[in-house]
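Residues per chain, in single letters:
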Amino acid sequence: MIAIWALVAFIVAIVFWNAVLKRNIGESMIVGFLVVGAFAGRQAPEYMWHGFLDSMQEEVTFAGLAFIFMSFVLAKTPVLDRLIDILNSLLGRLRGGPIYTSTVAGGMFGAIAHVGASVTAAVGSVTVPWMKRSGVSGELSATVVAGCAGMGVTFPFSATMFILVGSTTVTGLMEPDEIILPLALAGLWCLGYRLLLNYYLVRKNGLQPIAPEDRIPAKRSLRAGWTSLLLFVPIIVPLLLTRGPIAVPIAEYTDLVMSSAISLITWIPVLMILLVFFLGRRHLPRTGRGWWKILGETAPQFGVIGVTIVAAFSASNVLGDIGLPEQLTTVLESLSAPAWLMAILVGVIIVVIAIPLTASATMAAVGGVAVAALVGVGIPAPVAAAAVLVFASTEGASPPSGAPIYVAAGIARVDPGKMFAPLLKYYCVPILGVGVLIALGLLPVS
């Protein structure tokens, strides 16, 4: 069982380096990779080198880094701000409209940008002042914004998703693009829960519509920002070409299997980057010096996330070489827990691990094992993977270490400690429940 002990040591090393020593997650993942390599003994140099080379050639490595780059470039343009204006025009007239705007914007941004703290900052900087002017307390405003940060994980195509589907254990159970539709539907279920919660919060707190002077007329906001809605085209078009109603006639005419001919994992980020360049062309640099400045500003964050992805895949490859899939299968077959109990146990474990770690680090540490555990009790692999990512999405709302909590608290100028109980009650525990229901098929995602 050397590989299982290597997995345990991998998790401990990441938690210790990141949560105890307070080092960044990229550095922690490198330490975890070195620890795993030590379990290979004399073959460590060979396994680690091949694990690294394989990770650099993974399709999901490219896709993860491409989406991160797209998010950074997008943040330099006003495209997302215009999208918020449109949502505010449409939803602001409702009672508690700013709360609905904040939630829907969090879902839409999460489906595009995916980084929880960035989504919180982008949405919160606009909607928190609106909420406070509409009579929402600072604590509730910050709680709503932070509670929506996790939607970046529950929609394709986050770095967390790529880390999970790129692990050796998961690649043996499903193809990477099999998770796209189940995860998209899981994200919609999570968004739906948050909208129901908004309805309850609005009635409970007697909230009113946003002030007319803070609401842009719908015609004006649509005229100024309709192009921001095009951000979803690079996601919709490849899906239609590979899985939609037009995929069959195209396949018959070309004699190609469209799902194999067009890789969603590759083409969606490429099309997203091209569209962001087009939509933000007036606000992006036109000289090499300007682009060099942007790259310099984003390099530290991009580097950390890139290192995290590569180190996670490298460690996963080494674990595969020393026999983790086979040993894990033996252990799982010895368990006799029913599906409902296994779903709850897996969910609780992931939520607890995600408190000190990020969702990405949690998936790197235990994501593959969690999916295998759920598959072992009869849950389809894509559904299991979607449920596991829903569990991990609670990291943004898990006190006391979720970065979005402190970003939102800073924007609202409130004590983050006062957000802990509401976040657990309204977001963390209920989203755990949503993940369990998805795993059991009670909330269908396929």
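Now for a look at the structure at hand. Because the structure is predicted, anything quoted here is derived from the model rather than measured.

1. Considerations on the side chain of Arg194
Part 1 of the reasoning: Considering the arrangement of structural elements, one finds Arg194 in helix α11 (residues 180–205).
Part 2 of the reasoning: Among residues more than four places away in sequence, those in contact with Arg194 are Thr103, Gly147, Cys148, Met151, Tyr427 and Ile431.

2. Looking at helix α8 (residues 138–147)
Part 1 of the reasoning: Of all 10 residues that make up α8, 9 are buried, and the element is covered over most of its length.
Part 2 of the reasoning: What α8 keeps buried is the set Gly138, Leu140, Ser141, Ala142, Thr143, Val144, Val145, Ala146 and Gly147.

3. Brief notes about empty space enclosed by the protein
Part 1 of the reasoning: Applying the stated criterion across every chain, the model contains 3 cavities of 30 Å³ or more.
Part 2 of the reasoning: Considering only enclosed or pocket space, the largest cavity measures out at about 170 Å³ in volume.
Part 3 of the reasoning: For the largest cavity, the lining is made up of 21 residues, of which Ser167, Ser316, Leu319, Ala364 and Gly368 are closest to its centre.
Part 4 of the reasoning: Put simply, the parts of the chain that give the lining of the largest cavity at least two residues each are α1 (2–20), α10 (168–171), α17 (288–321) and α20 (359–375).
Part 5 of the reasoning: If you tally residues by element for the lining of the largest cavity, the top one is α20, at 7 residues.
Part 6 of the reasoning: A class-by-class count of the residues in the lining of the largest cavity yields 13 nonpolar, 8 polar and no charged.
Part 7 of the reasoning: Of the pockets and cavities examined, the second largest cavity occupies roughly 40 Å³.
Part 8 of the reasoning: Lining the second largest cavity we find Ala146, Gly147, Gly150, Arg194, Ser393, Thr394, Ala397, Tyr427 and Ile431.
Part 9 of the reasoning: Those elements giving two or more residues to the lining of the second largest cavity turn out to be α8 and α23 (420–439).
Part 10 of the reasoning: For the lining of the second largest cavity, the per-class residue count stands at 4 nonpolar, 4 polar and 1 charged.

4. Some thoughts on the packing of helix α19 (residues 339–354) against helix α21 (residues 381–392)
Part 1 of the reasoning: Where α19 meets α21, the axes come as close as 8 Å, and the angle between the chain directions of the two elements is 40 degrees. With respect to each other, α19 and α21 are oriented oblique. You can see that α19 and α21 cross each other, and the crossing is right-handed. Contacts between α19 and α21 involve Ala343, Val346, Gly347, Ile350, Val351 and Ala354 from the first element and Val388, Phe391 and Ala392 from the second.
Part 2 of the reasoning: Within the contact of α19 with α21, the residues separate by chemical class into 8 nonpolar, 1 polar and no charged.

5. Here we look at the environment of Leu230
Part 1 of the reasoning: Along the chain, the position of Leu230 falls in the loop between α12 (218–225) and α13 (233–243).
Part 2 of the reasoning: Its relative accessible area of 27% is what places Leu230 among the partly exposed residues.
Part 3 of the reasoning: Along the sequence, Leu230 and Met272 sit 42 residues apart, while their C-alpha atoms lie 9.8 Å from each other.
Part 4 of the reasoning: Contact partners of Leu230, with chain neighbours within four places excluded, come to Leu275 and Leu279.

Cut-offs and rules
Residues numbered from 1 in each chain as written. Predicted model: local features only at pLDDT ≥ 70, side-chain atom pairs only at ≥ 80, totals over all residues. Heavy atoms only, no water. Helix = DSSP H or I, 4+ residues; strand = E, 2+ residues; numbered from the N terminus. Contact = heavy atoms within 4.5 Å. Buried < 20%, exposed > 50% of the residue type's maximum accessible area, 1.4 Å probe, protein only. 1 Å grid on protein atoms, 1.4 Å probe; cavity = no way out; pocket = protein on both sides within 12 Å on 5 of 7 lines; lining within 4 Å. Points joined across faces, edges and corners; volume = space filled by probe spheres on them. Nonpolar A, V, L, I, M, F, W, Y, C, P; charged D, E, K, R; others polar. Axes fitted to C-alpha atoms, helices over the stretch in contact; angles between N-to-C directions. Parallel < 35°, antiparallel > 145°, perpendicular 65-115°, else oblique. Left-handed = near helix turned anticlockwise from the far one by under 90°.

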